[in-house]
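A structural walkthrough
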Amino acid sequence: MIVTRFAPSPTGLLHVGNARTALVAWLFARHAGGRFLLRVDDTDTERSEEAYIAAIRRDLAWLGLDWDAEVRQSDRMPAYDAAIDRLKAAGRLYPCYETPDELALKRRSQLQQNRPPIYDRAALAMTEADRARFEAEGRRPHWRFLLAHAPIAWEDLVRGPVRFEGRDLSDPVIVREDGRPLYHICSVVDDIALAITHVVRGEDHVANTAAHIQMTEALGAAPPAFVHLPLLADAAGKGLSKRLGSLTLESLREAAGLEPMAVVSLLARLGTADPVVPQTRLAPLVECFDIERFGRATPKFDPDELKRLNPQVLHHLDFADIAGRLPGLGLPDVDPGFWEAVRPNLTVFADLADWWRVAKGPVAPQIADADFAAAAADALPSEPWDEETWSRWVETVKARTGLKGKALFRPLRLALTGRESGPELKVLLPLIGRDRARARLLGESA
Ligand code: GLU
């Protein structure tokens with residue numbers, strides 16, 4: 001059974017980069033008929049916020065990604081403490097007393113000497129007397145995991161064979177001065193406990209993975225498989241970090257008004273050689289998902305591509321897909337006929353409200369030839385109206401005015417809708433109704 005997880009830290013809003021990681025982990029599990037878990041990495045109590053946890057759930061649900069279980073790291077402290085005790089007993093954790101300033105100083109001097117800024121393990125040389133002195137000064141230790149200086153290798157499903165030497169890495173800090181566990185140990189303990197088979201995450205975690213593999217083994221478990229996705233870049237190939245504010249899922253939804261399936265359609269294909277196809281359902285993406293399609297080159301994320309995809313997705317949505325969103329737009333009366341008529345004219349879903357206003361008014365008509373418009377008004381048939389009304393009426397107007405083609409249709413559209421273009425008038429006309437149509441043809445806003 002394949003089990004993947006998405007493990008956001010609730011310290012901010014999810015952005016397209018996070019969404020891509022979540023989507024790939026989700027598709028991976030769903031394609032295999034496996035499980036997908038949401039793990040909330042909320043051990044950083046200073047920066048984690050309940051509101052962000054709610055936002056994460058909302059954003060995933062908006063994308064259509066469901067999860068089989070949710071785990072919060074803040075609920076799992078006893079498990080982390082037990083693992084820490086076990087690693088201490090095995091001699092794999094050692095106390096360190098350096099202050100952040102001292103560590104920064106070490107790093108600077110290493111860099112000045114063109115040496116990699118790897119922790120020098122000075123703490124291992126501490127005597128009992130040194131330790132007693134630090135404790136007497138009121139210092140409390142943080143704890144590092146003692147990496148074995150041996151090769152660490154794995155076959156990454158996206159990066160291929162990856163190899164690190166233990167001696168090229170800093171021993172990771174896994175317990176803070178105040179005794180609280182840090183990301184590395186929590187993540188490893190949870191991946192073991194939740195029986196995660198494939199860890200899907202960003203390539204910024206590749207070096208962490210090397211340490212995690214040794215930690216997993218030190219806890220008596222077999223490491224999972226790893227999938228490190230390259231981070232997204234902008235069109236110029238630069239990291240997205242500066243633009244992420246406008247690329248949160250919340251802003252794509254609320255400010256840009258984009259369709260979740262436009263976002264999904266793009267993110268499911270970024271970094272693969274496969275074409276981006278507008279999808280209205282996740283199912284086809286689940287079916288054809290193949291992690292082998294994902295490459296290790298940095299994918300370029302272009303927000304304009306989302307904008308181009310959005311109408312294509314909208315134009316394929318059925319009334320049933322959007323019916324639930326109509327009350328939120330203040331349009332409970334929209335029916336399938338109106339949706340189908342207006343759909344090809346939508347750039348974003350909210351445009352629907354504009355077209356509804358064109359039907360129900362008020363619309364400021366545009367009239368160049370008042371006599372023509374008045375003649376057209378006189379030719380309006382009596383109600384009830386349906387989709388045949390338009391052609392019957394137009395025939396009459398044509399016969400009475402002698403106009404045809406564009407010269408006939410354009411002034412009628414401008415008078416009835418105030419706009420040059422829009423949905424088919426045969427659908428709009430019955431919704432406008434006789435009173436409003438007449439008033440507009442006579443130049444009144446209605
Ligand atoms: N909370 C970590 C992050 O957001 C999780 C990384 C992981 O998947 O292990 O980067």
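In what follows, the structure referred to is the one given above.
Structure report, in brief.

For the rest of this paragraph, the subject is the overall build of the chain. Scanning the chain for helices and strands turns up 18 helices and 10 strands. Its C-alpha atoms give the chain principal-axis dimensions of roughly 105 × 45 × 40 Å. Within the chain, the fraction of its 446 residues that count as buried is 49%. For the chain, the computed accessible surface area is about 20800 Å², with 51% contributed by carbon and sulfur atoms. Within the chain, one finds 57 positive and 63 negative side-chain charges whose respective centroids are separated by 3 Å.

What follows is about empty space enclosed by the protein. Where empty space is left in the structure can be found by rolling a water-sized probe over the atoms. One pass over the structure, following the stated rule, counts 1 cavity of 30 Å³ or more. Reported here for the largest cavity is a volume of approximately 50 Å³. Around the largest cavity sit Ser-187, Val-188, Asp-191, Arg-201, His-212, Ile-213, Thr-216, Pro-224 and Phe-226, which together line it. Mapped by element, the contributors of at least two residues to the lining of the largest cavity are helix H6 (183–193) and helix H7 (206–218). Here the residues of the lining of the largest cavity sort into 4 nonpolar, 3 polar and 2 charged.

This brings us to the site of the ligand. Neighbouring the ligand are the residues Arg-5, Ala-7, Ser-9, Arg-39, Asp-41, Tyr-183, Ser-187, Arg-201 and His-205. One nitrogen or oxygen atom from the side chain of Ser-9 is found 2.9 Å from a nitrogen atom belonging to the ligand. Between an oxygen atom of the ligand and a side-chain N or O atom of Arg-201, the distance comes to 2.8 Å. Burial of the ligand by the protein amounts to 79% of the accessible area it has alone, namely 300 Å². Of the pockets mapped on this structure, the ligand occupies the largest pocket. Taken together, the residues that form the shell around the ligand break down as 2 nonpolar, 3 polar and 4 charged.

On the surface, a cluster of negative charge is contributed by Asp-386, Glu-387, Glu-388 and Glu-424. Within the fold, Glu-424 resides in the loop between helix H17 (406–417) and helix H18 (425–441).

This brings us to the layout of surface pockets. Roughly 1000 Å³ of volume is contained in the largest pocket. Taken together, 38 residues line the largest pocket, and the ones lying closest to its centre are Ala-7, Ser-9, Asn-18, Asp-204 and His-205. With 4 residues, the top contributor of residues to the lining of the largest pocket is helix H1 (residues 16–31). The computed volume of the second largest pocket comes to approximately 240 Å³.

In total, this model carries 9 aromatic pairs according to the counting rule given. Judged by centre distance (6.0 Å) and plane angle (10°), the ring pair of Trp-154 and Phe-164 falls under stacked. Here Phe-164 lies in strand S7 (residues 160–165) and Trp-154 lies in strand S6 (residues 151–156), a separation of 10 residues in the sequence. Chaining the aromatic ring pairs together yields one cluster made of Phe-28, Phe-289 and Phe-294. Arg-133 extends its terminal NZ or CZ atom over the ring of Phe-134, reaching a point 5.2 Å from the ring centre.

Parameters at a glance
- Residues numbered from 1 in each chain as written.
- Predicted model: local features only at pLDDT ≥ 70, side-chain atom pairs only at ≥ 80, totals over all residues.
- Heavy atoms only, no water.
- Helix = DSSP H or I, 4+ residues; strand = E, 2+ residues; numbered from the N terminus.
- Buried < 20%, exposed > 50% of the residue type's maximum accessible area, 1.4 Å probe, protein only.
- Areas by Shrake-Rupley, 256 points an atom, 1.4 Å probe, with all protein chains shown as cover.
- Lys, Arg positive; Asp, Glu negative; His and termini not counted.
- Charge placed at Lys NZ, Arg CZ, Asp CG, Glu CD.
- 1 Å grid on protein atoms, 1.4 Å probe; cavity = no way out; pocket = protein on both sides within 12 Å on 5 of 7 lines; lining within 4 Å.
- Points joined across faces, edges and corners; volume = space filled by probe spheres on them.
- Nonpolar A, V, L, I, M, F, W, Y, C, P; charged D, E, K, R; others polar.
- Near = heavy atom within 4 Å.
- Polar contact = N/O pair within 3.5 Å; in protein donor to acceptor, adjacent residues only side chain to side chain.
- Sits in = over half its atoms within 2 Å of the grid points.
- Patch = residues over 30% accessible without salt bridge, like charges linked within 9 Å, V, L, I, M, F, W, Y side chains within 5 Å.
- Salt bridge = Lys/Arg side-chain N within 4 Å of Asp/Glu carboxyl O.
- Phe/Tyr/Trp six-rings, centres within 6.5 Å; stacked < 30°, edge-to-face > 60°.
- Lys NZ or Arg CZ within 6 Å of the ring centre and 35° of its normal.

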